[in-house]
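# Coordinates in review
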Amino acid sequence: MSAFWSGWIIFFVTLNWLLVTFLLIYGTRVPIPTYRDGTTGHVWAHGAIREGVRRLPMWWVVLSLVVIVFGTVYLFRYPGFGAFGGTQEWTSEERVQRHMAENEERLSLLFDRVRTESVDTLARDPQVIHAGQVLYEDNCAACHGANAGGNQVIGAPNLVDDAWLYGDSVEAIHTSLTKGRQGQMPALGSALGERGTRAVAAYVYEMNGRDWPREDLVAEGEELYASQCVACHGPEGKGKTAMGAPDLTDDSWLYGGRLEDIITSIRDGRSGVMPGWSERLREEEIRILTAWVRAGGPAQDTGGSSDTE
Ligand code: HEC
Ligand code: HEC
């Protein structure tokens, strides 16, 4: 703060202090001329209302003095009086730095463990799971949902069920998090034609144990499936984790399981994008999240401790 502004503030604080103190002391003593009946002589409504005299109540005076004394002591000890820093030498910047250092120290204990122990050991550690929960809420919940149940609008998968695009191994999840993923379901509408698309969709619909009324259409779809889809989704529709092609028989859906949703997936293709986190999160944080996903997500968080908050 420049000397000018410091002086400016000191001037006004002092002026304010003097004024308030003067008013308080003077206000309790100033003589107010009154008539014999105790009124001031001011009248309203043709004499029906007359102004009396009320002194400041004692509690009010005492309270104000306490506030003035408190303010004076505060300005003496803490920053506020221009550039004068106060006798305590307290600064908000120093406080933030101290808190950050404390936090960093507590985190470093956690991170040491995260670096040395296996992800599966970490998945049983309540403190790690709690840290994972906080990281998840900050970075992932917007897409995968607060309960990690997924989001069918953008094809973000459910992370707490048994259906995995890329498998549930530590490596698969760690890779998904570090490098990100991009689903590649080609648009097959023009290759299949409208009827073909409907037919193969009806077949996929039936794969999930639901009956589609038109048997002829389903039979037609089965043939088309064998020629167009097997390469990625496998002969029985169980999917292939190597290419992130989902199981089409488990009634768990990235984009919804109604016939219309299935038709849209086949006709227009799908390409869900999972961003990579290697530049935004530390390796330790990615390991914590991997453990959190492996452990089963939000339901496993029992509170732990609040180290990462
Ligand atoms: C912008 C939205 C978005 C964000 C943010 C996001 N994800 Fe994803 N995630 C997706 C999508 C979409 C997919 C599916 C990718 C695909 O279709 O191949 C996915 C896939 C995954 C997979 C692979 C699932 C499987 O079945 O194999 C995991 C694990 C995952 N995300 C975890 C996370 C975690 C943990 C975070 C937070 C660090 C996160 N995601 C943040 C959208 C997102
Ligand atoms: C080149 C590989 C490939 C081929 C060929 C392919 N798919 Fe896919 N399919 C995928 C991938 C990968 C996804 C996941 C897309 C994503 O993650 O966004 C997918 C997604 C889907 C979905 C959405 C599933 C859900 O959970 O919402 C359906 C339905 C589907 N495919 C059906 C088919 C059918 C039927 C055919 C054949 C006509 C076919 N696919 C051909 C790779 C393929």
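Residues numbered from 1 in each chain as written. Chains lettered and ligands numbered in written order. Predicted model: local features only at pLDDT ≥ 70, side-chain atom pairs only at ≥ 80, totals over all residues. Heavy atoms only, no water.

## Some words on the packing of aromatic side chains
For clarity, the threshold we go by: Each Phe, Tyr or Trp ring, with Trp reduced to its six-membered ring, pairs with another whose centre is within 6.5 Å; inter-plane angles below 30 degrees give stacked pairs, above 60 give edge-to-face pairs, and intermediate values give tilted ones. In this description a helix means any DSSP run of H or I spanning at least four residues, a strand means any run of E spanning at least two, and both kinds are numbered starting from the N terminus. Buried means the residue's accessible area, taken with a 1.4 Å probe over protein chains only, is under 20% of the maximum for its type, while exposed means over 50%, and partly exposed covers the values in between.
Applying the stated criterion across every chain, the model contains 12 aromatic pairs. Here the aromatic rings of tryptophan 8 and phenylalanine 12 are separated by 5.2 Å at their centres, their planes lie at 70°, and the arrangement is edge-to-face. Of the two residues, tryptophan 8 and phenylalanine 12 are both situated in helix H1 (residues 3–29); the distance of 4 residues between them amounts to about one turn of the helix. On the accessibility criterion, tryptophan 8 (42% relative accessible area) is partly exposed. With 4.3 Å between their ring centres and 25° between their planes, tyrosine 136 and tryptophan 292 make a pair best called stacked. Of the two residues, tyrosine 136 sits in helix H5 (residues 126–139) while tryptophan 292 sits in helix H12 (residues 283–295), which places them 156 residues apart along the sequence.

## Looking at the domain arrangement of the protein
Spelled out, the test is: An automatic or database domain assignment provides the domain bounds reported here. Only heavy atoms matter for contacts: two residues are in contact if any of them lie within 4.5 Å across the pair. Defined in terms of a 1.4 Å probe, buried area is the accessible area two parts forfeit on being brought together, summed over both. Only one rule defines a salt bridge in this text: a Lys or Arg side-chain nitrogen within 4 Å of an Asp or Glu carboxyl oxygen. Contacts described as polar in this section are N or O atom pairs within 3.5 Å, which, within protein, must combine one atom able to donate a hydrogen with one able to accept it, while residues neighboring in sequence count only if both atoms come from side chains.
Domain boundaries in the protein define domain 1 (3–90), domain 2 (99–182 + 275–300) and domain 3 (189–271). Averaged C-alpha coordinates put domain 2 and domain 3 at centres separated by 31 Å. On the side of domain 3, 13 residues touch domain 2, which itself brings 12 residues to the contact. Summing both partners gives a buried area of about 880 Å² for domain 2 against domain 3, and 54% of it is carried by carbon and sulfur. The interface formed by domain 2 and domain 3 holds 0 salt bridges in total. At the junction of domain 2 with domain 3, the criterion picks out 4 residue pairs in polar contact (both at pLDDT 80 or more).

## Some thoughts on a nonpolar patch on the surface
Just so we agree on the cut-off: For patch detection, residues must exceed 30% relative accessible area and be free of salt bridges, and they are connected within 9 Å for like charges or within 5 Å for nonpolar side chains (Val, Leu, Ile, Met, Phe, Trp, Tyr). Surface accessibility follows the Shrake-Rupley procedure with a 1.4 Å probe radius. Residue values consider only the protein chains on display as shielding.
A surface patch of nonpolar side chains, about 960 Å² in accessible area, is lined by Met1, Phe4, Trp5, Trp8, Phe11, Phe12, Leu15, Leu19 and Val20. With respect to the secondary-structure elements, phenylalanine 11 resides in helix H1.

## Section: unusual backbone geometry
Excluding glycine, most residues fall at negative phi; most peptide bonds, likewise, are trans. Phi at alanine 45 takes a positive value of approximately 45°, unusual for a residue other than glycine. Look at alanine 148: it is not a glycine, yet its phi comes out positive at around 60°. Turning to its location among the elements, alanine 148 is positioned in the loop between helix H6 (141–144) and helix H7 (170–179). Classification of alanine 148 by relative accessible area gives buried; the value is 0%.

## Here we look at the site of ligand 1
Basically, it comes down to this: A single heavy atom is enough: if one lies within 4 Å of a molecule or strand, its residue is considered near that molecule or strand. Gly counts as polar in this scheme, as do all residues outside two lists: the nonpolar Ala, Val, Leu, Ile, Met, Phe, Trp, Tyr, Cys and Pro, and the charged Asp, Glu, Lys and Arg.
Looking at ligand 1, there are 24 residues lining it, with Cys140, Cys143, His144, Tyr166 and Met274 nearest. Leucine 165 places a polar main-chain atom, nitrogen or oxygen, 2.7 Å from an oxygen atom of ligand 1. Between ligand 1 and the protein, one listed contact pairs an oxygen atom with a backbone N or O atom of glycine 183 at 3.3 Å. Of all the secondary-structure elements, those providing two or more residues to the shell around ligand 1 are H6, H7, strand S3 (181–182) and strand S4 (273–274). If one sorts the elements of the shell around ligand 1 by residue count, H7 sits on top with 3 residues. Of the residues belonging to the shell around ligand 1, the class tally is 16 nonpolar, 7 polar and 1 charged.

## As for the environment of isoleucine 286
Along the chain, isoleucine 286 falls in helix H12. Residue classification places isoleucine 286 among the buried positions, given a relative accessible area of 1%. Placed 213 residues apart in sequence, isoleucine 286 and valine 73 show a C-alpha to C-alpha distance of 50 Å. Not counting residues within four places of it along the chain, the set of residues in contact with isoleucine 286 comprises His174, Leu177, Thr178, Trp277, Ser278 and Leu281.

## A look at the site of ligand 2
Around ligand 2, 27 residues are found, and the nearest of them are Met185, Cys229, Cys232, His233 and Tyr255. Between ligand 2 and histidine 233 there is a distance of 2.8 Å, counted from a nitrogen atom to a side-chain nitrogen or oxygen. Here tyrosine 255 contributes a side-chain N or O atom positioned 2.5 Å from an oxygen atom of ligand 2. Those elements that provide at least two residues to the shell around ligand 2 are helix H8 (189–207), helix H10 (230–233) and helix H11 (259–268).

## Things to note about the coordination of the iron atom of ligand 2
The test is simple: Note that water is not among the atoms used; donors are N, O and S atoms within 2.8 Å of the metal (3.2 Å for Na, K and Ca), so sites may look incomplete. Key to geometry: four donors with every angle between 85 and 135 degrees are tetrahedral; four donors are square planar and six octahedral where opposite donors lie over 155 degrees apart and all remaining angles lie between 65 and 115; all other sites are irregular.
The protein atoms donating to the iron atom of ligand 2 are Met185 (SD) and His233 (NE2), with metal-donor distances spanning 2.0 Å. Of note is the iron atom of ligand 2, whose 6 donor atoms meet at the metal with angles of 88 to 179° in an arrangement that counts as octahedral. One end of the pair, methionine 185, is in the loop between S3 and H8; the other, histidine 233, is in helix H10, and 48 residues separate them in sequence. Judged by its relative accessible area of 9%, histidine 233 is buried.

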